[in-house]
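Coordinate inspection notes
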Amino acid sequence: MNFRDLEYLVAVAKRQHFGKAAEQCHVSQSALSLQLQKLEREVGAQLIERTNRRVVVTETGREIVRRAQELLQGKRELVDAARLHDGNFPETVRIGAIPTIAPYLFAELQMAFRKRFPNTAPLFDEAVTEQLVAAVADGELETGILATPVNDSLLEELELFEEPFFLAVPTRHRLARQNKVEVPDLGTDQLLLLKDTHCLKEQVVGFCTAHRVDGNQQSAASSIATLLALVRSHGGITFLPQMAIEHPNKPTGIRCLPVTPSPTRKIRLVFRKTSHVGRRLAEALQLCLDPQSNALTIS
């Protein structure tokens, strides 16, 4: 038994498909299948049920997969700890972020790493909060950037900054002539929201409930870009995080106004408590942020 065989098993269990698992592991499907058969003979139990239509992991296989993931994670952390002892990051680090953060930070993080850590390549992944937390806990990511607190004993959390939301209205909207908006000004306008998988929706709805904003609410989009398109076409109004309106590709045809009292969200980094790389990476990312502007400091 070797780590490669365990990687093949974990890949098949995750992908539920031999071909996709082989592609992920950069090996032929026949070689992967033969190695898994060898592993099954070695442990003395069937781990995978093979059919023409699907792959089924047996009950024993699920337990072996769980233990294999722990061993593989331990191997990664051992190698990474050795590199950190020499003062270096690994050759690659894996960073995730939720969809309402990723478009605004990933490019800047890429540039920051090129300047500060030229021997390390960051790999990025965009996912909703639940998927992101699971990926960090399972060792698929070193750290995740999100906007809600986590409740996982395996993970540690580092707060970065608190970010305000702004009200986005069409340039010809009745509120566009104002410099700021009071909560009572919101009236009964159609409030456009992201769909349920996005924590931004929960944060906006929570603010509206707390301040008795009675306008109609519509879960209309899976991205901020779609929300902006709908606002621009006078389909309603919406709340945007500050980073979305300060990004180089600022929304056009829309006026973004501060709201009093201001809705906010706290941006956090999460990493595994046992990961030396995750902890140091989180600290490095924190240093890459300018707390005055909530923007990445590249110099």
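Treat the numbers as computed from the prediction; the structure is a model and nothing was measured. (Residues numbered from 1 in each chain as written. Predicted model: local features only at pLDDT ≥ 70, side-chain atom pairs only at ≥ 80, totals over all residues. Heavy atoms only, no water.)

Section: the overall build of the protein
When its secondary structure is counted, the protein shows ten helices and 14 strands. If you line up the protein on its principal axes, its C-alpha atoms span 75 × 50 × 30 Å. Among the 299 residues that make up the protein, the fraction classed as buried is 47%. Total accessible area computed for the protein in this model is approximately 15,600 Å², and 49% of it derives from carbon and sulfur atoms. Side chains of the protein give 36 positive and 35 negative charges; the mean places of these two sets differ by 4 Å. (Helix = DSSP H or I, 4+ residues; strand = E, 2+ residues; numbered from the N terminus. Buried < 20%, exposed > 50% of the residue type's maximum accessible area, 1.4 Å probe, protein only. Areas by Shrake-Rupley, 256 points an atom, 1.4 Å probe, with all protein chains shown as cover. Lys, Arg positive; Asp, Glu negative; His and termini not counted. Charge placed at Lys NZ, Arg CZ, Asp CG, Glu CD.)

Things to note about the pattern of salt bridges
All told, the structure shown has eleven salt bridges when counted by the stated rule. The partner of Arg 67 in a salt bridge is Glu 63, and the shortest N-O contact between them spans 2.8 Å. Within this pair, Arg 67 and its partner Glu 63 are both found in helix α4 (residues 59-85), separated by four residues, close to a single helical turn. Judged by its relative accessible area of 31%, Glu 63 falls in the partly exposed class. Across the pair Lys 201 and Asp 196 runs a salt bridge whose closest N-O atoms are separated by 2.4 Å. (Salt bridge = Lys/Arg side-chain N within 4 Å of Asp/Glu carboxyl O.)

Notes on the layout of surface pockets
Reported here for the largest pocket is a volume of approximately 770 Å³. Lys 14, Gln 24, Arg 76, Arg 94 and Glu 140 are the residues nearest the centre of the largest pocket, which is lined by 28 residues in total. For the lining of the largest pocket, the secondary structure elements donating two or more residues are α1 (3-15), α2 (18-25), α4, β4 (121-126) and α6 (129-137). For the lining of the largest pocket, a count of residues per class yields twelve nonpolar, five polar and eleven charged. (1 Å grid on protein atoms, 1.4 Å probe; cavity = no way out; pocket = protein on both sides within 12 Å on 5 of 7 lines; lining within 4 Å. Points joined across faces, edges and corners; volume = space filled by probe spheres on them. Nonpolar A, V, L, I, M, F, W, Y, C, P; charged D, E, K, R; others polar.)

Structural notes on the packing of α2 against helix α3 (residues 29-43)
Two elements in contact, α2 and α3, have axes separated by 9 Å at closest approach and are oriented at 100°. The angle between α2 and α3 places the two elements in the roughly perpendicular class. Mapping the contact onto sequence places Phe 18, Gly 19, Ala 21 and Ala 22 in α2 and Gln 29, Leu 32, Ser 33 and Leu 36 in α3. Among the residues making up the contact of α2 with α3, the classes are represented as five nonpolar, three polar and no charged. (Axes fitted to C-alpha atoms, helices over the stretch in contact; angles between N-to-C directions. Parallel < 35°, antiparallel > 145°, perpendicular 65-115°, else oblique. Contact = heavy atoms within 4.5 Å.)

A short note on α1
The end-to-end C-alpha separation of α1 is 18 Å, in line with the 18 Å expected for 13 residues at 1.5 Å each. Along α1, the residues that are buried comprise Asp 5, Leu 6, Tyr 8, Leu 9, Val 10, Ala 11, Val 12 and Ala 13. Sitting at the head of α1, Asn 2 places a side-chain oxygen 3.1 Å from the backbone nitrogen of Arg 4. At the C-terminal side of α1, Gln 16 shows a positive phi close to 55°. (Expected span 1.5 Å × (residues − 1). Polar contact = N/O pair within 3.5 Å; in protein donor to acceptor, adjacent residues only side chain to side chain.)

Details of the state of the cysteines
A complete count under the given rule lists zero disulfides for this structure. No disulfide involves Cys 208; its nearest neighbouring cysteine sulfur is the one of Cys 199, lying 15 Å away. (Disulfide = S-S within 2.5 Å.)

Thoughts on the packing of aromatic side chains
Applying the stated criterion across every chain yields a total of three aromatic pairs. Geometrically, the ring pair formed by Phe 113 and Phe 117 is tilted, given 5.1 Å between the ring centres and 50° between the ring planes. Accessibility classification places Phe 113 together with Phe 117 in one group, the buried group. Seen in terms of ring centroids, Phe 207 and Phe 239 are 5.9 Å apart; in terms of plane orientation they differ by 75°. Their pairing is edge-to-face. (Phe/Tyr/Trp six-rings, centres within 6.5 Å; stacked < 30°, edge-to-face > 60°.)

Considerations on the environment of Leu 34
Relative to the helices and strands, Leu 34 resides in helix α3. Under the relative-accessibility criterion, Leu 34 is labelled exposed at 53%. As for Leu 34 and Glu 140, which are separated by 106 residues in sequence, their C-alpha atoms are 25 Å apart.

Quick look at the pairing of strand β12 (residues 264-272)
Among the nine residues in β12, seven count as buried, and that is most of the element. For strand β5 (residues 143-146) and β12, the ladder comprises four bridges, and the chain directions are antiparallel. Residue pairing in the sheet places Ile 145 in a bridge with Leu 269 of β12. Examined bridge by bridge, strand β6 (residues 155-170) and β12 share nine bridges and lie antiparallel to one another. Opposite Glu 156, over in β12, you have Phe 271 as the bridge partner. (Pairing = 2+ DSSP bridges.)

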